[in-house]
Amino acid sequence: MQQSTRPPEPKVHDITEKFTRACNALEVGQLVKDDLFTLFESIGALEIMDSKMDSGFLKPGETLEHDYDALNSILPEELVGIMDQLLCHEMAWHTGYPLSQTLFTSVYIDNLLWPEPKTLAQAQFYRGSIPDERRPGVLLEALRAYCLAVIKCCDYVIAKVTGRDYFEEEDFCTHTYNRVLFVQIPLDVFMRELDAAIENIESEPDLSEDVRSAIITRLQFRKDFLIALDPDCPLSQLESYWPPIRSNLQPIKDTQPLGKPVPSSFTTKIQRRLASTVPPRPIVEFEFKDAFEKLQQICTDCEQATNFVDLPSDPIEFQSFLWAYAGRKPAPLTYARSYLGTILFHPETLNTGMSLPLLDVKGLVYPLSPVTDQSNWALSPPRNPLMPKSPRLQLSLLVDEFIERASQPYLDFWTALGQNRCRLRRMMTHVIIGWDNLQADAGIVDEDINRVVDEMGIREQVLHDALTTWTYHKKLWMVERIVLLGFEQDIYLPDEYASMYNFLSIIASRRALVLSRISEHHAQRIASGIIDTSDPENVEYASHIESLQCEATALQDLSAAMAKLYTVLLYLRLVPVPKRPFSTEELRYELRMKPFLALQPPEVEPFAQHQALLQPFGPYERPNAAFAASMLDPKSGLWTDMEAALQNAKGRLQGMKKQGAAGAKASGAETAWKEEFKGLVESAVLFGVVIARLKGAVRKVEGSESGVAVDVKVEIPAIVVGTKCSDRWIVPTVSQKLK
Amino acid sequence: MSAIANDSDKQASSSGELQYIQYEGDKEETYLPAIRQLISKDLSEPYSIYVYRYFLYQWGDLCFMALDPLTNALIGVVVCKLETHRSGTFRGYIAMLAVQESHRGKGIATKLVCMAIDAMAARQADEIVLETEVTNTASMKLYERLGFLRSKRLHRYYLNGNTAFRLVLYLKAGTALKRPDMGDGAMGYGRYEGGDNAMFGAEAIA
């Protein structure tokens, strides 16, 4: 090293005495805190010599470093065992635990990665030269090849996850603690190592056949898995990568009992060298059974994601697929979500003839419309900029302006659909604000389009305020989903169900209204002969609008009926109602409506109006006489409204069924669509039974607060999050009372 | 009348013998070790002393303790903070709540939380929030009885990988409409939208 580049010698100042003196001026417990010391920093602080916080703390007799020798020969069964232990750790990492508590606790992995090897040849369980008799044999070499591939798998996974929107620590831990996971080394190098290992194991004489085959299966699986994880896989071939992995999974599971785990080859002591500022944390114990399930799940989910490639180039098909994928049970892991996200945001997916948001707009409000006629985009502006532009050119420019404005909210919407289920709901409450702003801007462009259309004399051909209509429709769809996800995630308490189903019904009714405007306009165009009904685009459009209308109305009616039922249960005091000494109904309503208060439209109903609707017979604890009278009269509005709403919902569901997954533009997610549809139908049927039973069980009770009682036991089922899709529709159970 | 008095009679009689007091800064030597011990008992990873001091130094008057009148032993404690949140609300936060195992089920935690809420309400808090594990039904029941609602589900919120609910109690009308003064309404999708309350919620009450 050159003399001149040497850094200056550090100067050491002893401040002990100064510090001690300064401390004496303080009382115990008196804190000197500046504004920059945050809670986050206080949490990050560690106390030296506290064994739970100080990773360097040694118990009496404890050594700083582990004493596992990675060059000691291992049994063939131990090789199988270690491979499976590594798989368990890998899957634990996939579910969200950091590498420091999973794979990086392996001495083998650590030895390969640290000190950092300059070449793959240097990545050995040892560094430098060792005597020949210490050189690893065939089994350790096979383990090394396997470990190298595991590490490269992690590298690929991190690349894919960080390439998309994800939340560090919540979704996934990408931290590698300054270990470089062979980022620069290409796939084929790892393949060669694995192939060589397979060859050696095949020709190794002292192996029983079942163990030999168990080892080879694992090496082969690792090859296939690594290939499938390669981020540079061409889109068109994605689907070919997953089936071979699946074929190797069962043999791995079957041969797992042959393995002999080596727990001593994993140690938390390695954490001390990974990060000194983090408390020691236990190794995550993941059972093979659970790890295997996760592995299967990743493979199935990724394989499912590859179907996205074959979807029709229709943004609603995309939307249906994303929604269905997010709703898969068990929920797809972060890697699988990133995998789908990468396909969605791949240039090949996005490069469609017409931009995806424009296709979306066209598919709802501009079918076969002169506004979105392709030829409008072929027109050139006049050479003389002072000359007026042709109206059709103006239309294309206006539409382009709007689509450009819409692209960010649109992207945000899709990004939200790719998040974990909890985030999806919360992110959507932010996304709707963006769409609310977009709607205001859509109104401005709509005015211009209206003007041009009037100039052209084609007013009757074009839906008035189409862009506003489209934006509003999408926003309402999201608001509905936010509420439905709230039920699914057990956010609401039973005594809020009436109110939340009522809100859902209001939102769905708004959307149904929007759709009926669209459909009326479409009918007029057909009536005046502007549209040829046999045009395939028209056939597809008509089916889609019908499907949407049925769905929105079914949602509106079913939730209205639910709201009415839960209102009755509140009056009957059959819903648990907490005392809530610190809260009022009005404050709780405000809190619940918070995500929607900024929207214009739909404006949230004022509390008084909301309360009047939800408490038609006065306060729940003291209903007026009309309640008992209505309850006892099977022909009263209380019952007939509920029954009519349910009946309507059932009819609309039939309408939805008729249009099928294709009409809903969910043909790429048909199974999930059918499943969700089935859940809706089942809920509606169950619900009908509940109404009938309840109605038949009412009797008069003189002197009681409500004046009536029901001779049945009513239970509101607890929501078990992540179980089935109809858990958004919480139908109470009604059973005979035990005498 | 304070809300505590409205609460069930059962706890008033059974916990009546305990002494409920407010923490004060000069009591650190007397109480902090016991507070730490009580709270860290149920934590896989203990908070450093700075976490406790962070709260107690700034909001000692929002910390309440239940003491055994004979031995002065700490039976229960609640630790809070109250400050302007970046959403613009004056937000109270219940950071820690713990009651000794042998004394649970007697309404001590409820009483401590009620005292904290009363104190924060007296200081014009707009809202009070906290997180609790989705599986901690006793804790959720306690808060929901008082008026809290679940506002968010937080995936893998805790270090152990468990999911949390954020619970919220509005104390004033108009809280939902409050906006930040500085105009930096950065509604980012941060890890902790609720603020900087990383992984809190020592809810050792049941």
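Our structure is the block above this text.
The structure presented is a predicted model; accordingly, all values stated were derived computationally and were not measured.

### Brief notes about the interface of chain B and chain A
Logical step 1: Tallying the contact residues gives 60 residues for chain B and 51 residues for chain A.
Logical step 2: Carbon and sulfur atoms supply 62% of the area buried between chain B and chain A, which totals about 5,200 Å² over both sides.
Logical step 3: One can count two salt bridges joining chain B with chain A.
Logical step 4: Where chain B packs against chain A, one counts 16 residue pairs in polar contact (both at pLDDT 80 or more).
Logical step 5: The element contributing the most residues to the side of chain B that touches chain A is helix α4 (residues 49–59) of chain B, with eight residues.
Logical step 6: Taken together, the residues of the side of chain B that touches chain A sort by class into 30 nonpolar, 13 polar and 17 charged.

### Some points on the side chain of S151(B)
Logical step 1: Positionally, S151(B) belongs in strand β6 (residues 149–154).
Logical step 2: Looking at S151(B), the relative accessible area reads 16%, which means it is buried.

### Considerations on the side chain of T469(A)
Residues and elements named next belong to chain A.
Logical step 1: Assignment of secondary structure puts T469 in helix α17 (residues 466–488).
Logical step 2: According to the relative accessible area criterion, T469 is buried, its value standing at 4%.
Logical step 3: At 3.2 Å, the side chain of T469 forms a polar contact with the side chain of R517.
Logical step 4: Aside from chain neighbours lying at most four places away, what touches T469 is V365, L463, H464, V514, R517 and I518.

### Examining the packing of helix α20 (residues 585–593) of chain A against helix α21 (residues 607–614) of chain A
Residues and elements named next belong to chain A.
Logical step 1: Closest axis-to-axis distance for the α20/α21 pair is 11 Å, and the angle between their directions is 105°. Relative to α21, α20 is oriented roughly perpendicular. Along its contact with α20, which presents E585, E586 and Y589, the element α21 presents F607, H610 and Q611.
Logical step 2: Its residues placed into classes, the contact of α20 with α21 shows two nonpolar, two polar and two charged.

### Some details on the pairing of strand β3 (residues 712–715) of chain A
Residues and elements named next belong to chain A.
Logical step 1: Residue alternation in β3 divides its side chains into a buried set, V712 and V714, and an unburied set, K713 and E715.
Logical step 2: Of the pairings in the sheet, the one linking β3 to strand β4 (residues 733–736) comprises four bridges and is antiparallel in character. In the sheet register, V714 faces β4, and the bridge partner there is V734.

### Re helix α5 (residues 108–122) of chain B
Three or four residues apart is the spacing at which side chains of an α-helix point the same way, because the helix has 3.6 residues per turn.
Logical step 1: Its 15 residues give α5(B) an end-to-end C-alpha distance of 21 Å, which sits within 8% of 21 Å, the value for a rise of 1.5 Å per residue.
Logical step 2: A positive backbone phi angle near 65° is found at Q124(B), which sits one or two residues after α5(B).

### Comments concerning helix α12 (residues 334–344) of chain A
Logical step 1: The buried count for α12(A) comes to 10 of 11 residues, which makes it a mostly enclosed element.
Logical step 2: Every buried residue of α12(A) is accounted for by T334(A), Y335(A), A336(A), R337(A), S338(A), Y339(A), L340(A), G341(A), I343(A) and L344(A).

Rules behind the numbers
- Along every chain, residues carry numbers that run from 1 in the direction the sequence is written.
- Both sets of labels track the order of writing: A upward for chains, 1 upward for ligands.
- It should be noted that, the model being predicted, local features are given only for residues of pLDDT at least 70 and side-chain atom pairs only at 80 or more, the latter also being counted only at that level, while totals for whole chains, interfaces and linings use all residues.
- The side-chain figures draw on all heavy atoms in the structure; neither hydrogens nor water molecules are used.
- Between two residues, a contact is recorded if the distance between any of their heavy atoms is within 4.5 Å.
- Here the quantity called buried area is the accessible surface, traced with a 1.4 Å probe, that two parts lose on coming together, added over both.
- When a carboxyl oxygen of Asp or Glu lies within 4 Å of a side-chain nitrogen of Lys or Arg, that pair is called a salt bridge.
- Whenever a nitrogen or oxygen atom comes within 3.5 Å of another N or O atom, the pair is scored as a polar contact, on the condition that within protein one atom can donate a hydrogen and the other can accept it, and that pairs from neighbouring residues in sequence are kept only if both atoms are in side chains.
- The way it works is that DSSP assigns letters per residue, a run of H or I at least four long becomes a helix, a run of E at least two long becomes a strand, and they are numbered from the N terminus.
- In this classification, Asp, Glu, Lys and Arg are treated as charged, Ala, Val, Leu, Ile, Met, Phe, Trp, Tyr, Cys and Pro as nonpolar, and every other residue, Gly included, as polar.
- Burial classes follow relative accessibility: with a 1.4 Å probe on protein chains only, a residue under 20% of its type's maximum area counts as buried, one over 50% as exposed, and anything between as partly exposed.
- Each axis is a line fitted through C-alpha atoms, taken for helices only over the stretch in contact, and angles between the N-to-C directions span 0 to 180 degrees.
- Geometric relationships in this document are graded by angle, where less than 35 degrees denotes roughly parallel, more than 145 denotes roughly antiparallel, 65 to 115 denotes roughly perpendicular, and other angles denote oblique.
- Two strands are said to pair when DSSP picks up at least two bridges between them.
- Here the expected length of a helix is defined as 1.5 Å per residue gap, with one fewer gap than residues.

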